[in-house]
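# Structural features, examined
The chain contents come next:
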Amino acid sequence: GSEYMAARSQGNGPLDDAPIDEEELRAAVEASGLSPTRCSALAAPLFAELSLSPHLGSVSDVFQVLVVLIEDGLLGRAEAVDLSKRVHRLLSANRERRDGCGRRRPAGGTTATQGTACSPAVQPSALERLAWAREHKSDADRFERDYAHQLTTGSRLVGLRLQQRPFSALGFASTVWDSSVVLSKAIERWAARGSAGLAGKAVVELGAGCGLVGLTAAALGAHVTLTDLPENVPLLAANVSANRDAVAPPGKPPQTLQARSLDWTAPLPTDLAASADLIVGTDLFYHGCPVEDLASTLASLARPDAEAWLAVGRNRGGLDAFLAASLGWSSRLADRATELDPLYQLEDVDVLVLRRAGAGLAAQRPRRLIFALCGQSNMAGRGSLLEAGVAAPPPDARISAFSQEGGEEERWRVAADPLHADKPDKAGAGPGLSFARELLRRGFAQEVGLVPCACGGSEMARWEEGGDLFEAAVKRVAASLGEGDTLAGLLWHQGESDCGDASLARSHAARCARALGRLRERLGSPTLPVVLGELGYFLDQRDGRFAHAATVNAGTVAAPERLPAAACVSAHGLEHKGDRLHFSTAAQHELGRRYALAYLRLVRPKSEAGEITAEAPFAFPTHARGAEAAVAQAIID
């Protein structure tokens, strides 16, 4: 009600944990002008209610206690507002007398929580924490008035003043939410306790809104880029401009501080790639949030040893999906006792700390991860390079292919489709490039090298030990490995050529597992991760060439049961290019993405990989028992 808002508008006072004396309280009630009879009736229940809430940090906190007496008919609302002020002054005086000094919260919602020379630090109460919270303040406080914030860096007190913006016709608003205050104070605490702090670090804030967290990092000495959608950048830029002098380190060159637009669903600007030591953000996981794009942006921004601190408060709808998509990171919640500010934390606000998998070990990580591409035409690639509606991605210097051009010896080159030259007149787009892009997008690799070994129309016999393609693959992979390279996996797609023979189809699982097992041994890595792919569901089993396609697919699905560190990806929903034999270019891109997700599930611990979800299934479970179960599953699919 208006009286409650009037009481709250008095602002925050001292944090009082001193006991209140009943006689002192009776005197305060009598001084309010109430009749002796009403004072006698009111003093005892008021003392009882206040005794249940010993930590009362503001006039509004006292008023909340008096609401009970209003409901009981012992007080009018105007009387309660006046009495709240009197009781709060009494509490303040008690604290001053007891300590000889008071612990006061400076203007703008900040406080010193370390205690003073004459009193030890006191753990804040829930009411004290709620006193600064903004969730239930008036719309004027949250959207119209400037927000003032103070922080300490070294011996310097920095004051920030941020413009806010009410909801527009499009529903877009900017305010300083509780989660941004929690994260700002956590970063301030973290920087104060660390040996190096944030000085000189590169920080990027996502969904910056009013910019509180990014400006806090700037005040602590970081080079900061604050980002948001284009419609919010003018407000963000205004706050950066207004606070630039306040955050600048005295007597030192000004650090980089900029506001710019960033759309997670668009390609990351090249100057931001691998630019951040620390990524921060608040309330990013709203319902409908493009979590995979957010995860991709995070991975692309981060340097090899980067961390991300993300406050999670009012928006949690996309959090689980985000964690599932963030495969290149380990995650934990910040410890409330040691990492969050004792006062500036709320039960419904968590701080998620992400760390690049293997962070701190960048020097030990291989420069390039090598993958062998084996099988027949759908691995080699037959997707049209001019398929309507499918744009060819630009070359990426981080993805290379070990290939031969113009009679030259095989060597590493920047990868581009077609990767294979098995049949130059038919070669096209395959799954290899999209597989590599997905690993980079998720921050798993610094560079990816692809070794094309597939050959269109090849039967399984040619891939068994002693076969020409088996021996050629061993030789080519060995020739490709250089200093700093690590053989990391094998992608397999084969079986169409065996679909016309019932005996070959029935033995496909055993032969496939045996061939891949021996290939891994000859490559010097018996547990090398292998990802197999199903044949296209579009194969026409009325055609004698593909009469036993379902059985071959069942064998492909069952093969990982016989191989450690193996998985199979589904061809569900993938279309052909018009020949009912080869995947289209768009399907190849999706197939490569599925290969990457299945690979990451193999190599990352479950605690880091999370549960990967997709609209269509992309990987089969490996716990089916026997070929019959796999055949049944294939028929159901």
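Preceding this section is the structure that the text describes.
Residues numbered from 1 in each chain as written. Predicted model: local features only at pLDDT ≥ 70, side-chain atom pairs only at ≥ 80, totals over all residues. Heavy atoms only, no water.

### Here's the deal with the sheet that holds strand β6 (residues 223-228)
Where strands meet in a sheet, backbone hydrogen bonds hold them as pairs that are either parallel or antiparallel. Which entries qualify depends on this criterion: Strands were regarded as paired on the criterion that DSSP finds at least two bridges between them. Under the DSSP-based scheme used, a helix requires at least four consecutive residues in state H or I and a strand at least two consecutive residues in state E, with every element numbered from the N terminus. Throughout, an axis means a line fitted to C-alpha atoms (over the contacting stretch in the case of helices), and angles, computed between N-to-C directions, take values from 0 to 180 degrees. It only takes one pair of heavy atoms within 4.5 Å for two residues to be counted as in contact.
The seven strands lie next to each other as β7-β6-β5-β8-β9-β11-β10, forming an open sheet whose pairing is mixed. Taken across any chain shown, the strands that pair with only one partner, and hence form the sheet edges, are β7 (257-261) and β10 (329-333). Averaged over neighbouring strand pairs, the angle between their axes works out to 20 degrees when direction is ignored. Pairing of strand β5 (residues 202-206) with strand β8 (residues 276-282) involves four bridges; the strand directions are parallel. Bridge assignment links Leu206 to a residue of β8, and that residue is Gly281. Packed on one face of the sheet, helix α11 (residues 291-301) meets β5, β8, β9 (302-312), β10 and β11 (350-356) and runs near 140 degrees to β9.

### Here we look at the packing of helix α15 (residues 468-480) against helix α17 (residues 508-522)
Rules: Just so you know how the angles are binned, under 35 degrees is roughly parallel, over 145 roughly antiparallel, 65 to 115 roughly perpendicular, and the rest oblique. Put simply, a crossing is left-handed when the front helix is turned counterclockwise from the back one by less than a right angle, and right-handed when it is turned clockwise.
In contact at an axis separation of 10 Å, α15 and α17 are set at 30 degrees when each is read in the N-to-C sense. Viewed along their axes, α15 and α17 adopt a mutual orientation that is roughly parallel. Judged by the sense of rotation from one axis to the other, the crossing of α15 with α17 is right-handed. The residues of α17 that touch α15, namely those facing Phe470, Glu471 and Val474, are Ala515, Arg518, Leu519 and Arg522.

### Some remarks on the side chain of Asp178
Applicable threshold: Burial classification: accessible surface area is computed with a 1.4 Å probe over protein chains only, and a residue below 20% of its type maximum counts as buried, one above 50% as exposed, and the rest as partly exposed. Asp and Glu are treated as the negative residues and Lys and Arg as the positive ones, with His and the ends of the chain left uncounted. One side-chain nitrogen of Lys or Arg within 4 Å of one carboxyl oxygen of Asp or Glu is enough to make a salt bridge.
If you trace the backbone, Asp178 turns up in helix α8 (residues 178-193). At 5.4 Å, Arg134 is the nearest oppositely charged side chain to Asp178, a buried residue that forms no salt bridge. Apart from the residues lying within four places of it in its own chain, the contact partners of Asp178 are Trp132, Ala133, Arg134, Glu135 and Leu346.

### Observations concerning the environment of Val474
Structurally, Val474 can be placed in helix α15. Using a relative accessible area of 12% as the deciding quantity, one classes Val474 as buried. Other than its neighbours up to four places away in sequence, Val474 contacts Leu519, Arg522 and Leu523.

### Examining the layout of surface pockets
Keep this limit in mind: In this analysis the probe radius is 1.4 Å and the grid spacing 1 Å, with only protein atoms considered; a cavity is a set of points the probe fits into but cannot get out of, a pocket is an open set with protein on both sides within 12 Å along at least five of seven lines, and lining residues have an atom within 4 Å of a point. Grid points are joined across faces, edges and corners, and a volume is the space filled by probe spheres set on the points. Side-chain classes are defined by residue name, with Ala, Val, Leu, Ile, Met, Phe, Trp, Tyr, Cys and Pro counting as nonpolar, Asp, Glu, Lys and Arg as charged, and the others, Gly among them, as polar.
Taken as a whole, the largest pocket encloses approximately 1200 Å³ of empty space. Lining the largest pocket are 36 residues, and of these Ser296, Ser300, Arg398, Arg437 and Arg441 lie nearest its centre. Secondary-structure elements contributing two or more residues to the lining of the largest pocket are α11, β9, α14 (432-441) and α19 (585-603). A total of six residues in the lining of the largest pocket trace back to one element, the largest contributor, which is α11. Split by residue class, the lining of the largest pocket holds 15 nonpolar, nine polar and twelve charged.

Remember, this is a structural readout, not a statement about activity or role.
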